[in-house]
Amino acid sequence: MLPAIFCFDDAMLAWLFSWKGCVMQQLNHVLVREKRGKLVRPVGYYIRHAVSVCLAMLLTYLSIPVIKNLLSQQQAMNTSFDSLRLVNTYGAFGSVTKTRTEVIVQMTSDHRPDNDDSKWLEVEFKCKPGDVRRRPCLISPYHYRLDWLMWFAAFQSYQHNPWLLHLAAKLLSGDAQINTLLAHNPFAGKSPPRFLRMEHYRYEYTTAGRGKSSWWKRKHLGSYLPVVNLRQLCDVVRQQRWTIDGC
């Protein structure tokens, strides 16, 4: 923010430093003399301009690899391109994935989760895609952290994201605090579910104008986290020193 102040003209900022108009009057006097061609420039004026031009040329030259990196399909982010670190790149992503995969959390209270007629209920998060009929949300000016992490987890496996097991244990234990991070927990205010699993889906937008009530269409890619219950997760809970009711 502060460097942007130097982009403003002196005439615009003079009122901030004037006292009874003295600075403004001096500025106006200089501007009038400059317009009439009677203003004699000191040597320092030309020296400053020469230094500014040289600095601009130097930064332009040093920015060439930065621009090449910007146009590259494999951008390097958070990288310096000279030993003095005068020009750098900054950003969270060098590229964005072209497909969107999601981890869908499902829970059931059935005693036999492996039966074909078992009823699995999905957990809905506040913003990330889940129910294909739900309109995409607006998240500006901040992200929902759990939704953000779930999106990253879909790129990897649950072994690379052990916090998913913590989330699963919280849901299986019926922890009420977890509901504040969710849009809908089908077991909120009820007995905790017996089993939980996570499925991997690929999401795509439906075609506009087709008269469909769904915003998304999804394809099942496979199992992300196999069916587990709280007892099976207790060993991990104790190893990680998490506090979970029932373990």
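Here is what the cut-offs are and how they apply
- Residues numbered from 1 in each chain as written.
- Predicted model: local features only at pLDDT ≥ 70, side-chain atom pairs only at ≥ 80, totals over all residues.
- Heavy atoms only, no water.
- Helix = DSSP H or I, 4+ residues; strand = E, 2+ residues; numbered from the N terminus.
- Buried < 20%, exposed > 50% of the residue type's maximum accessible area, 1.4 Å probe, protein only.
- Polar contact = N/O pair within 3.5 Å; in protein donor to acceptor, adjacent residues only side chain to side chain.
- Contact = heavy atoms within 4.5 Å.
- Salt bridge = Lys/Arg side-chain N within 4 Å of Asp/Glu carboxyl O.
- Core = buried A, V, L, I, M, F, W, Y, C linked by side-chain atoms within 4.5 Å.
- Phe/Tyr/Trp six-rings, centres within 6.5 Å; stacked < 30°, edge-to-face > 60°.
- Arc of directions from axis to C-beta.
- Disulfide = S-S within 2.5 Å.
- Pairing = 2+ DSSP bridges.
- Patch = residues over 30% accessible without salt bridge, like charges linked within 9 Å, V, L, I, M, F, W, Y side chains within 5 Å.
- Areas by Shrake-Rupley, 256 points an atom, 1.4 Å probe, with all protein chains shown as cover.

Engineer: Would you mind going over the side chain of serine 118 with me for this structure?
Structural biologist: Within the fold, serine 118 resides in the loop between β3 (100–108) and β4 (121–122). Note on serine 118: relative accessible area 12%, which makes it buried. For serine 118, the side chain forms a polar contact with the main-chain oxygen of asparagine 115, separated by 3.1 Å. Excluding residues within four positions of it along the chain, serine 118 makes contact with Asp110, Arg112 and Pro113.

Engineer: Teacher, can you tell me more about the pattern of salt bridges here?
Structural biologist: For side chains bearing opposite charge, pairing can occur when the charged atoms are close. The final tally for this structure, using the stated rule, is eleven salt bridges. The shortest N-O distance in the salt bridge between glutamate 122 and arginine 218 comes to 2.7 Å. Here glutamate 122 is found in strand β4, whereas its partner arginine 218 is found in strand β8 (residues 216–228), with 96 residues between them in sequence. Where salt bridges share partners, they join Arg100, Glu102 and Lys128 into one cluster.

Engineer: Sorry if this is basic, but what is going on with the nonpolar core here?
Structural biologist: One recurring pattern in soluble globular proteins: nonpolar side chains tend to sit buried together. In terms of nonpolar packing, the biggest core is built from 29 residues, with Val105, Phe125, Met150, Leu167, Leu171, Leu196 and Met198 touching the most fellow members. Counting only elements with at least two residues in this core, the list comes to β3, α5 (145–153), α6 (163–172), β7 (195–205), β8 and α7 (230–240). For this core, the element with the highest residue contribution is α6, accounting for seven residues. The next biggest cluster of nonpolar side chains, apart from the first, holds five residues, and it includes Val132, Tyr201, Tyr203 and Trp216.

Engineer: Could you clarify how one ought to interpret the packing of aromatic side chains in this entry?
Structural biologist: When we look at a pair of aromatic rings, we describe it by the centre distance and by the angle of the planes. By the definition in use, this model includes seven aromatic pairs. Aromatic side chains tryptophan 148 and phenylalanine 152 sit 5.1 Å apart centroid to centroid with 75° between the ring planes, which places their arrangement in the edge-to-face category. With tryptophan 148 and phenylalanine 152 both in helix α5 and four residues apart, this pair spans about one turn of that helix. By relative accessible area, which is 27% here, tryptophan 148 ends up partly exposed. The exposure class of phenylalanine 152 is partly exposed, given its relative accessible area of 28%.

Engineer: What exactly am I supposed to notice about α7 here?
Structural biologist: An α-helix turns once per 3.6 residues; consequently, residues spaced three or four apart project the same way. Of all the positions in α7, only Leu230, Leu233, Cys234 and Val237 are classed as buried. Projection of α7 onto a plane perpendicular to its axis shows the buried side chains occupying an angular sector of 130°, all on one side. Opposite the packed face of α7, turned more than 90 degrees from it, sit the exposed residues Asp235 and Gln239. Packing partners of the buried residues in α7 comprise α6 and β8. The N-terminus of α7 is capped by asparagine 229, whose side-chain oxygen sits 3.3 Å from the backbone nitrogen of arginine 231. Immediately downstream of α7, the backbone of arginine 241 shows phi near 60°, a positive value.

Engineer: Would you mind showing me how to read the state of the cysteines here?
Structural biologist: Put plainly, two cysteines are in a disulfide when a covalent bond ties their sulfur atoms together. Evaluated as defined, the whole model comprises two disulfides. At a sulfur-sulfur separation of 1.6 Å, the disulfide partner of cysteine 127 is cysteine 137. Placement of the pair is cysteine 127 in the loop between β5 (124–125) and α5 and cysteine 137 in the loop between β5 and α5, with a sequence separation of ten residues. Residue classification places cysteine 127 among the buried residues on the basis of a relative accessible area of 16%. A sulfur-sulfur separation of 2.2 Å characterises the disulfide bridge that pairs cysteine 234 with cysteine 247.

Engineer: Is there a simple way to think about the pairing of β3 in this case?
Structural biologist: Every regular strand shows the same layout, with side chains that alternate between the two sheet faces. Burial runs high along β3: eight of the nine residues are buried. Alignment of β3 against β7, held across nine bridges, turns out to be antiparallel. Each residue of the ladder has a partner; that of threonine 101, found in β7, is arginine 202. Sheet analysis places β3 next to β4, joined by two bridges and oriented antiparallel. Along β4, the bridge assignment pairs glutamine 106 with glutamate 122.

Engineer: Sorry if this is basic, but what is going on with a nonpolar patch on the surface here?
Structural biologist: A cluster of nonpolar side chains, namely Leu55, Leu58, Leu59, Leu84 and Leu86, defines an oily patch on the protein surface of about 460 Å² accessible area. In this fold, leucine 86 is placed in the loop between β1 (79–80) and β2 (88–89). Using a relative accessible area of 44% as the deciding quantity, one classes leucine 86 as partly exposed.

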